[in-house]
Amino acid sequence: MPTLGELAQRFGLELPGDPAVAVDGVCGIDPGQPGKLTFLANPRLRDKLAGTRAAAVIVGKADAARYAGPKLVARDPYLAFARVAALFDRSSEFLPGVHASAQVAPGVHVPASAHVGAAAVIEAGARVGESVFVGPGSIVGRDAVLGDGTRLDARVVIGERVQLGKRVRINPGAVIGSRGFGLARGPKGWEEVPQLGSVRIGDDVEVGANTTIDRGAVDDTVLEDGVKLDNLIQIAHNVRIGAHTAIAGCTGVAGSTRIGARCMIGGASTINGHIDIGDDVIVMGFTTVTKSLAGPGQYASSMWSVETAREWRRITARVRRLGRTEERLAALEKRLGIERQDANDDENA
Amino acid sequence: MPTLGELAQRFGLELPGDPAVAVDGVCGIDPGQPGKLTFLANPRLRDKLAGTRAAAVIVGKADAARYAGPKLVARDPYLAFARVAALFDRSSEFLPGVHASAQVAPGVHVPASAHVGAAAVIEAGARVGESVFVGPGSIVGRDAVLGDGTRLDARVVIGERVQLGKRVRINPGAVIGSRGFGLARGPKGWEEVPQLGSVRIGDDVEVGANTTIDRGAVDDTVLEDGVKLDNLIQIAHNVRIGAHTAIAGCTGVAGSTRIGARCMIGGASTINGHIDIGDDVIVMGFTTVTKSLAGPGQYASSMWSVETAREWRRITARVRRLGRTEERLAALEKRLGIERQDANDDENA
Amino acid sequence: MPTLGELAQRFGLELPGDPAVAVDGVCGIDPGQPGKLTFLANPRLRDKLAGTRAAAVIVGKADAARYAGPKLVARDPYLAFARVAALFDRSSEFLPGVHASAQVAPGVHVPASAHVGAAAVIEAGARVGESVFVGPGSIVGRDAVLGDGTRLDARVVIGERVQLGKRVRINPGAVIGSRGFGLARGPKGWEEVPQLGSVRIGDDVEVGANTTIDRGAVDDTVLEDGVKLDNLIQIAHNVRIGAHTAIAGCTGVAGSTRIGARCMIGGASTINGHIDIGDDVIVMGFTTVTKSLAGPGQYASSMWSVETAREWRRITARVRRLGRTEERLAALEKRLGIERQDANDDENA
């Protein structure tokens, strides 16, 4: 049970008060739990600070004066909280060993520090790093590579020849290395275009639950170091995602698109194929990225706010009337003898 | 093979005709199948009533006079049909017992009324209720709880400490309790924010195929009694969904949002994080809910109808010209000496 | 290691140069790899042709004169490349046999030409065709049918009574035959409507990773021959998709909709329930199909292009001001004594 003094020293935080206060876990700020540590990062929760039942709070410098109780002061309270909370996180701990029901192909070496769970399958030629966790029901295809410290949570599929770096975390149900959607029109219907590439994933990448990443058609699909993907994302063949880019859930990226480093892509977005997105691009949620985007910059494709269905029926009717509205305006201009230079552009845009 | 007389008595339906007519299954109304029972609920199918080959029809009071053949009359024909059809549904029946290939951790008690299928895995500390069905390839994490009568169809993942109530049905491929997408920016890239909460699900909940529900960051993600989720839905960490709310497929709900009771959320919608949606809210399909919504009410964010691509190119060009259209209008107003009070609002809205 | 002469003869291609040049694989055009064959189909890559390091190129007739090196000339270079590349694709090869850890129910006949992988489960009454591949962790439900040459890649779920034709390919994580989202309002909340139909899939169909296809409520959900579905697609109960239609990723199709033959549906689209889409319809990506569409034709519902978030805030503000803009226009018309015939339509549209 760490004390505030120990936490301050370990994580480089300021400790204005009693170093002997101990905490046995973390909690939310409202209402908070006795004996536990919470944090304040979202300014909207500032009025919950005074009343929290938590034993101590991590606050930023600006908020330190607002709270008289036990506290730690951090430049970035959320980041400090993340690091402290990790002390209490047992969810990734495991006992090394291969479960009796796991199917490891002959010739595959599983280090003594690694774990292969119940009903997991590792096919021939796969390489398993130190301290790797292959969760129950996971499948590791032929000649796949799992770097040191990588974790396949449960029921993950890693396809043939897929390479994962170090400390990669794949959440349940994710599929990495499925066949890309390569089709050519033949005389009798679609013919499959073989997908001969694979997927290469760098270090410290996270892939969300039930997310899918297709293998490349000829070259590989690539996720560089530190990429973070949320749940139910589709990454098509030959996409390349730059280091430390984060993509929120339900987003789709079509084939052969390149996304730069340190981008943030909002949820439920759709990114067209064969385009280039620069470094440090922020894409708002629910955006359709139809063309290449230079970075840095913040982009959107539609920011319609939610209203009553009745109001939206009116708005859409007005948009559908815009051609008529323009005609009325042109008629007025004509009546007043105004000549427009750009009149021909209207329906040719 | 039940007779109309037996069905009328069992389900409280009116029977204007011969009680001895027997049916051995259910069918659609068009063309219908001899020997089977159908129903009429959708008014658009009313003209199919006379010609159906079904042995009998469940109709509402308004339609009863239109059909001379064998029939049952119900206040809600669809609901009555659902209940009758359940008599013929064998898909959820199972023989109790633990398959020889299932991996049940030592110390876990599987009641004699429960079934654990082939290649299923139940980890230490899990609690399995009476008449639970753990389908083939399903994984039940440490200390998870499955209430009486709950069914994991096949290849479901139930994470650590996740609690499911009674008569919950989880469809294949769903993942409940995956790590939430909690990240903090550190000096060298994203750092994981531990996700220490879990997921609590009430009674009579259904979760669709390949849907994902993340565990909470500190507190739990919660689905109250009677919530119904379709396929390929993403529920982020710390979302709370009120009782009897139904959400259609391909919808995403971002973190910490609260949705009230008895809401209906249309498919392919996106719901922002940290907002509140009241009780009895109806959200049209394909809506982006960007802000909190009071209930009851019906909401949308865009109701653009599908048209030829040519017509849509015109519509979007007009919308992109709107700034110019406003300028032309303002020039006319100026020429006519009209002074506007609200002119300054235009580009500051 | 085939020579250009052998490839030309086998695939009916023109060979203007040395037939003895041999290739040992395929590669991309830029930069290309020595010893391998590439192709040029995308006109945007034409300037990469001269500098490619590939040993030979498949080109169209129009580009043949541009390249002096070893080449094959095809009417459709992409299709020709697909067929040649298939010679080098080993990913679908397998050794017949049933893995010791597979669970095949008593009475199920697995032909000697078929493979059942590790931890796979085949339930009672299932029928397995010649040369079928049941990948690791896959589950084949009761009375399901797998036609000759069908492949379940890994960890696929095929539900009860689902029928797959010949040479069907199901990618990892796909779920076929899950319960449709059938609910009826009862006095105490939603009641399940039994889903008694199943799914019938024709020959040469592909289903993408983590895609879901629900079984029908009363009749079956149907995919005709040659249908191609990408990843993370949702097909609801009783949908019918015509032959050779292709649907890109992240698309949802709601219940009872019929899609014709040879359609192409762009990614991230949403298709309403109970509508009819004709043959040879092209739907642009990110379209909401709200109503029936006659074929042939090209359709869209919104083609907003991506811009800076600042520009989109302006555009949306102008759209929200459209009611006011129309009022200003009407005031001008009134001032000028213009009478409009259609004025009453405005807010009733």
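Visitor: Sorry, what's going on with empty space enclosed by the protein here?
Guide: To find leftover empty space, a probe the size of one water molecule is rolled over the atoms. Throughout the structure, instances matching the rule amount to 3 cavities of 30 Å³ or more. For the largest cavity, the calculated volume is near 330 Å³. In this structure, the largest cavity is lined by 23 residues; those nearest its centre are Cys-250 of chain A, Cys-250 and Ala-268 of chain B together with Cys-250 and Ala-268 of chain C. Across the lining of the largest cavity, the residue classes break down as 12 nonpolar, 11 polar and no charged. Within this model, the second largest cavity holds a volume of roughly 120 Å³. If you go around the second largest cavity, you meet 15 residues; those closest to its centre are Gly-137 of chain A, Ala-119 and Gly-137 of chain B together with Ala-119 and Gly-137 of chain C.

Visitor: Explain the sheet that holds strand 16 (residues 175-178) of chain A to me, please; I cannot follow it from the model alone.
Guide: One key point about sheets: their strands pair by backbone hydrogen bonds, in either a parallel or an antiparallel sense. Residues and elements named next belong to chain A. What the 10 strands build is an open sheet, ordered 5-7-10-13-16-21-24-27-30-33; its pairing is parallel. Two strands bound the open sheet, and with one partner strand each, they are strand 5 (103-104) and strand 33 (288-289). Bridge count for strand 27 (residues 252-253) against strand 30 (residues 270-271) is 2 bridges, and the pairing is parallel. When the bridges of strand 30 are listed, Gly-252 appears paired with Thr-270.

Visitor: What is the right way to look at the packing of helix 5 (residues 322-335) of chain A against helix 5 (residues 322-335) of chain C in this model?
Guide: Geometrically, a packed helix pair is captured by the angle between its two axes and the distance between the axes. Relative orientation of the contacting elements helix 5 of chain A and helix 5 of chain C amounts to 30°, with a least axis distance of 11 Å. Judged by the angle between their axes, helix 5 of chain A and helix 5 of chain C are roughly parallel. With respect to the hand of their crossing, helix 5 of chain A and helix 5 of chain C are arranged in left-handed fashion. Facing Leu-322, Thr-325, Arg-328, Leu-329 and Leu-332 of chain A of helix 5 of chain A, the residues of helix 5 of chain C in contact are Leu-322, Glu-326, Leu-329, Ala-330, Leu-332 and Glu-333 of chain C. A per-class count over the contact of helix 5 of chain A with helix 5 of chain C returns 7 nonpolar, 1 polar and 3 charged.

Visitor: Explain the interface of chain B and chain C to me, please; I cannot follow it from the model alone.
Guide: How large an interface is tends to be reported as the accessible area lost when its parts come together. Taken together, the contact pairs 73 residues of chain B with 73 residues of chain C. Of the roughly 6,200 Å² buried between chain B and chain C on both sides combined, carbon and sulfur atoms contribute 61%. Broken down residue by residue, the surface that chain B buries against chain C is led by Arg-155, Phe-286 and Val-306 of chain B, which jointly contribute 12%. Remark: the boundary between chain B and chain C carries 7 salt bridges. Arg-321 of chain C serves as the salt-bridge partner of Glu-326 of chain B, at 2.9 Å between the closest nitrogen and oxygen. Run the count over chain B and chain C and you get 23 residue pairs in polar contact (both at pLDDT 80 or more). Of all elements in the fold, only helix 3 (77-86), strand 23 (228-229), strand 26 (246-247), strand 35 (307-308), helix 4 (309-320) and helix 5 (322-335) of chain B reach the threshold of two or more residues within the side of chain B that touches chain C. Here the residues of the side of chain B that touches chain C sort into 36 nonpolar, 16 polar and 21 charged.

Visitor: How should the interface of chain A and chain B be read in this particular structure?
Guide: With 73 residues of chain A at the interface, the matching set in chain B holds 73 residues. The three residues of chain A that bury the most area against chain B are Arg-155, Phe-286 and Val-306 of chain A, which together make up 11% of that side's buried surface. Counting every contact that joins chain A to chain B gives 7 salt bridges. Across the pair Glu-333 of chain A and Arg-328 of chain B runs a salt bridge, and its minimum N-O distance is 2.6 Å. Counting the contacts that link chain A with chain B gives 23 residue pairs in polar contact (both at pLDDT 80 or more). Those elements giving two or more residues to the side of chain A that touches chain B turn out to be helix 3 (77-86), strand 23 (228-229), strand 26 (246-247), strand 35 (307-308), helix 4 (309-320) and helix 5 of chain A. Looking at the side of chain A that touches chain B, its residues break down into 36 nonpolar, 16 polar and 21 charged. Sheet topology places strand 35 of chain A next to strand 34 (residues 297-300) of chain B; 2 bridges connect them, and they run antiparallel. Of the residues in strand 34 of chain B, the one forming a bridge with Glu-307 of chain A is Ala-300 of chain B.

Visitor: Just to check I follow, could you spell out the packing of aromatic side chains for this structure?
Guide: Each aromatic ring pair is specified by the distance between its two centres and by the angle formed by the two planes. For the coordinates displayed, the defined rule picks out 21 aromatic pairs over all chains. A ring pair is formed by Phe-39 of chain A and Tyr-78 of chain A, whose centres lie 5.7 Å apart and whose planes are at 35°; its orientation type is tilted. Here Phe-39 of chain A is found in strand 1 (residues 37-39), whereas its partner Tyr-78 of chain A is found in helix 3, with 39 residues between them in sequence. Given a relative accessible area of 27%, Tyr-78 of chain A falls into the partly exposed group. Ring centres of Phe-39 of chain C and Phe-81 of chain C lie 4.2 Å apart, and the angle between their planes is 25°; this geometry places the pair in the stacked category. Remark: Phe-81 of chain C occurs in helix 3 (residues 77-86) and Phe-39 of chain C occurs in strand 1 (residues 37-39); sequence separation between them is 42 residues. Pair check on accessibility: Phe-39 of chain C and Phe-81 of chain C agree, each one buried. By way of ring pairs, the aromatic residues Trp-304 and Trp-312 of chain A, Trp-304 and Trp-312 of chain B together with Trp-304 and Trp-312 of chain C are connected into one cluster. For the cation-ring pair, Arg-151 of chain A lies above Phe-133 of chain A, with the distance from its terminal atom to the ring centre recorded as 4.1 Å.

Visitor: How should the relation of the copies chain B and chain C be read in this particular structure?
Guide: Note on the chain copies: they are related by a rotation about an axis and a translation along it. Note on the identical chains: chain B maps onto chain C by a rotation of 120° and an axial translation of 0.0 Å, with an RMSD of 0.0 Å. Both copies are brought into coincidence by an operation consistent with a three-fold rotation axis. An asymmetric contact is evident, with only 19% of the interface residues of chain B recurring at the interface of chain C.

Visitor: Before we go on, may I ask you to explain the pairing of strand 18 (residues 189-192) of chain A in this structure?
Guide: Residue and element names in this part refer to chain A. In this structure, strand 17 (residues 183-186) lies alongside strand 18, joined through 4 bridges in antiparallel fashion. Along strand 18, the bridge assignment pairs Leu-183 with Glu-192. In this antiparallel pair of consecutive strands, strand 17 and strand 18, the connection spans 2 residues.

Visitor: Explanation requested: the relation of the copies chain A and chain B in the structure shown.
Guide: With an RMSD of 0.1 Å, the operation that places chain A on chain B is a rotation of 120° combined with a shift of 0.0 Å along the axis. Taken as a fraction of all interface residues of chain A, those also at the interface in chain B reach only 19%, which identifies the copy contact as different-surface.

Visitor: Just to check I follow, could you spell out helix 5 of chain B for this structure?
Guide: Each α-helix winds once per 3.6 residues, and so residues spaced three or four apart point in a common direction. For helix 5 of chain B, which comprises 14 residues, the first-to-last C-alpha distance of 20 Å matches the rise-based estimate of 20 Å (1.5 Å per residue) to within 8%. Within helix 5 of chain B, burial applies to Leu-322, Gly-323, Thr-325, Glu-326, Arg-328, Leu-329, Leu-332 and Glu-333 of chain B. Where helix 5 of chain B is buried, its residues contact helix 5 of chain A, helix 4 of chain B together with helix 4 (309-320) and helix 5 of chain C.

Visitor: Whenever I open this one, the side chain of Thr-150 of chain B confuses me. Can you help?
Guide: Residue and element names in this part refer to chain B. In this fold, Thr-150 is placed in the loop between strand 11 (145-146) and strand 12 (151-152). Its relative accessible area of 0% is what places Thr-150 among the buried residues. For Thr-150, the side chain forms a polar contact with the main-chain oxygen of Gly-165, separated by 2.7 Å. Polar side-chain contacts of Thr-150 include one of 3.0 Å to the backbone nitrogen of Val-168. When sequence neighbours within four positions are dropped, the list of residues in contact with Thr-150 reads Ser-131, Val-132, Phe-133, Leu-164, Gly-165, Lys-166, Arg-167 and Val-168.

Visitor: What's the story with the environment of Leu-232 of chain B in this structure? I'm lost.
Guide: Along the polypeptide, Leu-232 of chain B turns up in the loop between strand 23 and strand 24 (234-235). Judged by its relative accessible area of 4%, Leu-232 of chain B is buried. Once you skip the residues sitting within four places of it in the chain, Leu-232 of chain B turns out to touch Leu-232 of chain A, Ala-209, Asn-210, Thr-211, Cys-250 and Thr-251 of chain B together with Asn-210, Thr-212, Leu-232, Ile-233 and Gln-234 of chain C.

Visitor: Would you mind going over the environment of Gln-103 of chain B with me for this structure?
Guide: Locating Gln-103 of chain B in the fold gives a position in strand 5 (residues 103-104). Linking Gln-103 of chain B and Ala-118 of chain B, residues 15 residues apart in sequence, is a C-alpha distance of 8.8 Å. Discounting residues that sit within four places of it in the chain, Gln-103 of chain B has contacts with His-99, Ser-101 and Ala-118 of chain A together with Ala-120, Val-121 and Ile-122 of chain B.

Visitor: Explain unusual backbone geometry here, please?
Guide: For residues other than glycine, phi is negative in most cases, and the peptide bonds are mostly trans. Of note, the amide linkage connecting Asp-30 of chain A to Pro-31 of chain A takes the cis form, showing an omega dihedral of 5°. Along the chain, the position of Pro-31 of chain A falls in the loop between helix 1 (4-11) and strand 1. Cis geometry marks the peptide bond from Gly-295 of chain B to Pro-296 of chain B; its omega dihedral reads -10°. On the secondary structure map, Pro-296 of chain B appears in the loop between strand 33 (288-289) and strand 34. Look at Ser-131 of chain B: it is not a glycine, yet its phi comes out positive at around 60°. Considering the arrangement of structural elements, one finds Ser-131 of chain B in the loop between strand 8 (127-128) and strand 9 (133-134). Judged by its relative accessible area of 35%, Ser-131 of chain B is partly exposed.

Here is what the cut-offs are and how they apply
Residues numbered from 1 in each chain as written. Chains lettered and ligands numbered in written order. Predicted model: local features only at pLDDT ≥ 70, side-chain atom pairs only at ≥ 80, totals over all residues. Heavy atoms only, no water. 1 Å grid on protein atoms, 1.4 Å probe; cavity = no way out; pocket = protein on both sides within 12 Å on 5 of 7 lines; lining within 4 Å. Points joined across faces, edges and corners; volume = space filled by probe spheres on them. Nonpolar A, V, L, I, M, F, W, Y, C, P; charged D, E, K, R; others polar. Pairing = 2+ DSSP bridges. Helix = DSSP H or I, 4+ residues; strand = E, 2+ residues; numbered from the N terminus. Axes fitted to C-alpha atoms, helices over the stretch in contact; angles between N-to-C directions. Parallel < 35°, antiparallel > 145°, perpendicular 65-115°, else oblique. Left-handed = near helix turned anticlockwise from the far one by under 90°. Contact = heavy atoms within 4.5 Å. Buried area = accessible area lost by both parts, 1.4 Å probe. Salt bridge = Lys/Arg side-chain N within 4 Å of Asp/Glu carboxyl O. Polar contact = N/O pair within 3.5 Å; in protein donor to acceptor, adjacent residues only side chain to side chain. Phe/Tyr/Trp six-rings, centres within 6.5 Å; stacked < 30°, edge-to-face > 60°. Buried < 20%, exposed > 50% of the residue type's maximum accessible area, 1.4 Å probe, protein only. Lys NZ or Arg CZ within 6 Å of the ring centre and 35° of its normal. Least-squares fit on C-alpha atoms with pLDDT ≥ 70 in both. Expected span 1.5 Å × (residues − 1).

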